[in-house]
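Next come the chains, spelled out residue by residue.
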Amino acid sequence: MTPDSTRARALFLHRFILRSALSAGGIFAWVIIFRLFFIETGNLEYALAGVGILYALSHAITFILTPLTGAALRFGVRRALVFGTILQGTSFTILSFIFLGDAASREYVFFMIATFVILHGLARALYWIPYRTEEAQGIARSPAMLVTEMVIALIPALAGYLGTTLDHGIYVLLIGVALSILLSATFLFRIPESHEPYVWSYGQTLAQLLARRNHSAVGLFIFDGMQGAALLFLWPLAAFLILGESFQALGAVLTATLCIAFLGRWIARRVMRRLRVSQSPYVIASIVFSSWLFRLAAGTPLQLLAVDVYYHSGNATRRFSIDAFAHEQIADGGHFVDEFTAVKEMSLALGRILICALFCMLVLCTSEALAFAAAILVAAISGAASVFLAQKAAREAF
């Protein structure tokens, strides 16, 4: 086995285990924190605002620390990946302690939640730049990608079932996520260590974030961050409330959505190509916009499933097959993968912070229904706008 194939296999196994763990923990952790706040305060608006503030704080930490952690690549790309993964696993371990025995009645619950939030933000800041650097060194997609995606799609239903039916089920769920993440870190030691210079200072990174020539790409990533927070944070909270605060039902809906969407994406691609509109920004933007607006009418499990399948099926056609910075990275031999990934991650974090700030303000000043509706509307507008920005950024790249 060649060194490149060993690197590719190790990184693939690491990502497969990590993604499997996060498909269970990434969404459920924030829903669990919301549930803890709701039980403690007895006030739905305060609980939603509380978890929203913490989610935004986590990404604010990512935003602030990303240029600093990028500079750490000179001490080792693999080392940064390992530390980021270990911090992620540690964050879930600490969160699980809340549900260990009688820990839920202790006065340290908020301290453990705050620690989870801080480590979660720091782990993301540490992880993505070195991962993209390793990925840029020739990591290919696995031929078993469809199988791995199907396995990952089944995890949310399993997580919801275990968290609901087992004694200390939430503890078992969270500690299982933590141990799986830590297990994924062991495969990183099969990747040769490398060192990459991070040539921008903190001020230069911020200057690139604000640079006029990067406005299209940065705007695209901010919109993507808004959609990401709406899809993976706010919408699961809304679905959890619609489903009667059932972890098992939430997991079942997520798994059913991902499984059915495999077929839906295939159908959507064929139909779009046959109609010759697969590259039409107006058609794609309309699909993205409507897939968010339909969520405003969802009030039953079947309706939740339908709108989610429609979103994930139509989402396969919304990009124009180019990262906004891809051309510059290729032209430069990959040297600026680190720096541009920092700008991308900071832009994504900023988008998540902005939509959470809007949601928290509205949920405290108006009602949870209006706050969720406004967030969905912002996500719909962001999704449609990102289609046109992706096309513009692709043109500018060349």
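The numbering scheme is per chain: residues are counted from 1 as the chain's sequence reads. Totals for whole chains, interfaces and linings use all residues, but because this is a predicted model, local features are given only for residues with pLDDT of at least 70 and pairs of side-chain atoms are given and counted only at 80 or more. Hydrogens and waters are ignored; side-chain quantities use all the structure's heavy atoms.

> How should I be thinking about the nonpolar core in this particular structure?
What tends to happen in soluble globular proteins is that the nonpolar side chains get buried as a cluster. Side-chain atoms within 4.5 Å are what join buried Ala, Val, Leu, Ile, Met, Phe, Trp, Tyr and Cys residues into a set we call a nonpolar core. Here's how the labels work: a residue is buried when its accessible area is under 20% of the maximum for its type, exposed when over 50%, partly exposed in between, all with a 1.4 Å probe on protein chains only. The biggest cluster of nonpolar side chains holds 108 residues, and the ones touching the most others in it are Trp30, Ile32, Ile33, Ile113 and Trp292. Where helices and strands are cited, they refer to DSSP runs of H or I of at least four residues and of E of at least two residues respectively, numbered from the N terminus. Sorting elements by how many residues they give to this core places helix α1 (residues 3–41) first, with 15 residues. Contacts between residues were defined by any pair of non-hydrogen atoms, one from each residue, lying within 4.5 Å. Aside from chain neighbours lying at most four places away, what touches Trp292 is Gln227, Ala230, Leu231, Tyr311, Ile376, Ala379 and Ala380. Core analysis: the second largest hydrophobic core is formed by six residues, Ala217, Leu220, Phe221 and Leu348 among them.

> Whenever I open this one, the pattern of salt bridges confuses me. Can you help?
Pairs can form between side chains of opposite charge once their charged atoms are near each other. The working definition used for a salt bridge is a side-chain nitrogen of Lys or Arg within 4 Å of a carboxyl oxygen of Asp or Glu. All chains considered together, the criterion is met by four salt bridges. Note that Arg35 and Glu245 form a salt bridge whose closest N and O atoms lie 2.2 Å from each other. Taken together, the residues span a long stretch of sequence, with Arg35 in helix α1 and Glu245 in the loop between α8 (215–242) and α9 (247–274) at a distance of 210 residues. For Asp308, the salt bridge identified is with Arg295, shortest N-O distance 2.5 Å. One end of the pair, Asp308, is in helix α11 (residues 301–314); the other, Arg295, is in the loop between α10 (281–293) and α11, and 13 residues separate them in sequence. The pair formed by Asp308 and Arg295 is uniform in burial state, with each residue classed as buried.

> I'm lost on empty space enclosed by the protein in this one. Help?
Gaps left between atoms are located by rolling a probe of water-molecule size over the structure's atoms. Cavities and pockets were defined on a 1 Å grid built from protein atoms only: a cavity is a group of points that admits a 1.4 Å probe but offers it no way out, a pocket is an open group of points flanked by protein on both sides within 12 Å along at least five of seven lines, and a lining residue is one with an atom within 4 Å of any such point. Grid points are joined across faces, edges and corners, and a volume is the space filled by probe spheres set on the points. Overall, the coordinates contain two cavities of 30 Å³ or more when judged by the stated rule. Of the voids in this model, the largest cavity is the one considered here, and its volume is about 60 Å³. What lines the largest cavity is Trp235, Pro236, Ala239, Leu243, Leu250, Val253, Leu254, Leu304 and Asp308. Three categories are distinguished: nonpolar for Ala, Val, Leu, Ile, Met, Phe, Trp, Tyr, Cys and Pro, charged for Asp, Glu, Lys and Arg, and polar for the others, with Gly belonging to the last. Among the residues forming the lining of the largest cavity, the class breakdown is eight nonpolar, no polar and one charged.

> Before we go on, may I ask you to explain a positive patch on the surface in this structure?
Taken together, the side chains of Arg269, Arg270, Arg273 and Arg274 make up a positively charged region of the molecular surface. Tracing the backbone through its elements, the reader meets Arg269 in helix α9. Judged by its relative accessible area of 32%, Arg269 falls in the partly exposed class. Within the patch definition used here, like charges are joined within 9 Å and nonpolar side chains (Val, Leu, Ile, Met, Phe, Trp, Tyr) within 5 Å, considering only residues with over 30% relative accessible area and no salt bridge. Accessible surface is estimated by sampling points in the Shrake-Rupley manner with a 1.4 Å probe; for residues, cover comes only from the protein chains shown. Only four residue types enter the tally: Lys and Arg on the positive side, Asp and Glu on the negative side; His and the chain ends are excluded. Where a charge lies is defined by one atom per residue type, namely NZ (Lys), CZ (Arg), CG (Asp) and CD (Glu).

> In this structure, what is going on with the packing of aromatic side chains? I would like to understand it.
Two aromatic rings, taken as a pair, are described by how far apart their centres are and by the angle between their planes. Pairing of aromatic rings covers Phe, Tyr and the six-membered ring of Trp, with a centre-to-centre limit of 6.5 Å; geometry is then stacked below 30 degrees between planes, edge-to-face above 60, and tilted otherwise. Enumeration according to the criterion identifies 16 aromatic pairs in this entry. Aromatic pair Phe12 and Phe16: ring centres 6.4 Å apart, planes at 10°, arrangement stacked. Linking Phe12 with Phe16, this pair stays in helix α1, spanning four residues, or about one helical turn. Judged by relative accessible area, which is 23%, Phe16 ranks as partly exposed. Considering the side-chain rings of Tyr127 and Trp128, the 5.3 Å spacing of their centres and the 90° angle between planes classify their relative orientation as edge-to-face. Pair check on accessibility: Tyr127 and Trp128 agree, each one buried. Every member of this aromatic cluster is reached through a ring pair, and the members are Phe28, Phe34, Phe38, Phe240 and Phe247. Two limits define a charge over a ring: the Lys NZ or Arg CZ must be within 6 Å of the ring centre, and within 35 degrees of the ring normal. The positively charged end of Arg295 is found above the aromatic ring belonging to Tyr311, 4.9 Å away from the centroid.

> Can you help me understand the confidence of the model for the protein chain in this one?
Predicted coordinates in areas of low pLDDT are best not read in detail. As a per-residue quantity, pLDDT reports the predictor's confidence and falls between 0 and 100. In the predicted model, the protein chain carries a mean pLDDT of 85, and 87% of its residues have values of at least 70. Per-element averaging of pLDDT across the protein chain places helix α12 (residues 326–331) at the bottom with 33 and helix α6 (residues 169–186) at the top with 95. Residue range residues 319–336 is modelled with pLDDT below 50. Its contacts to residues more than four positions away, or to other chains, number 35 contacts.

> Sorry, what's going on with the side chain of Thr255 here?
With respect to the helices and strands, the residue Thr255 is situated in helix α9. Whenever two N or O atoms come within 3.5 Å, that pair is a polar contact, provided that in protein one can donate a hydrogen and the other can accept it, and provided that, for residues adjacent in sequence, both atoms are side-chain atoms. Reaching out from Thr255, the side chain makes a polar contact with the backbone nitrogen of Ala157 at a distance of 2.8 Å. Aside from chain neighbours lying at most four places away, what touches Thr255 is Ala153, Leu154, Ile155, Pro156 and Ala157.

> What should I look at first to understand the packing of helix α5 (residues 145–165) against α9 in this one?
The relative placement of two packed helices is expressed as an angle between their axes plus a distance between the axes. A fitted line through C-alpha atoms represents every axis, and for helices the fit uses only the stretch in contact; the resulting angles, taken between N-to-C directions, go from 0 to 180 degrees. Relative to each other, α5 and α9 sit at 165°, their axes nearing to 7 Å. Regarding the angle of α5 to α9, the classification is roughly antiparallel. Between α5 and α9 the crossing geometry is left-handed. Contact residues: α5 offers Leu146, Glu149, Met150, Ala153, Leu154, Ile155, Pro156, Ala157, Gly160, Tyr161, Thr164 and Thr165, while α9 offers Phe247, Gln248, Gly251, Ala252, Leu254, Thr255, Leu258, Cys259 and Phe262. Any angle that is under 35 degrees is reported as roughly parallel, and any over 145 degrees as roughly antiparallel; angles of 65 to 115 degrees are reported as roughly perpendicular and all others as oblique. A crossing counts as left-handed when the near helix is turned anticlockwise from the far one by less than a right angle, and as right-handed when that turn is clockwise.

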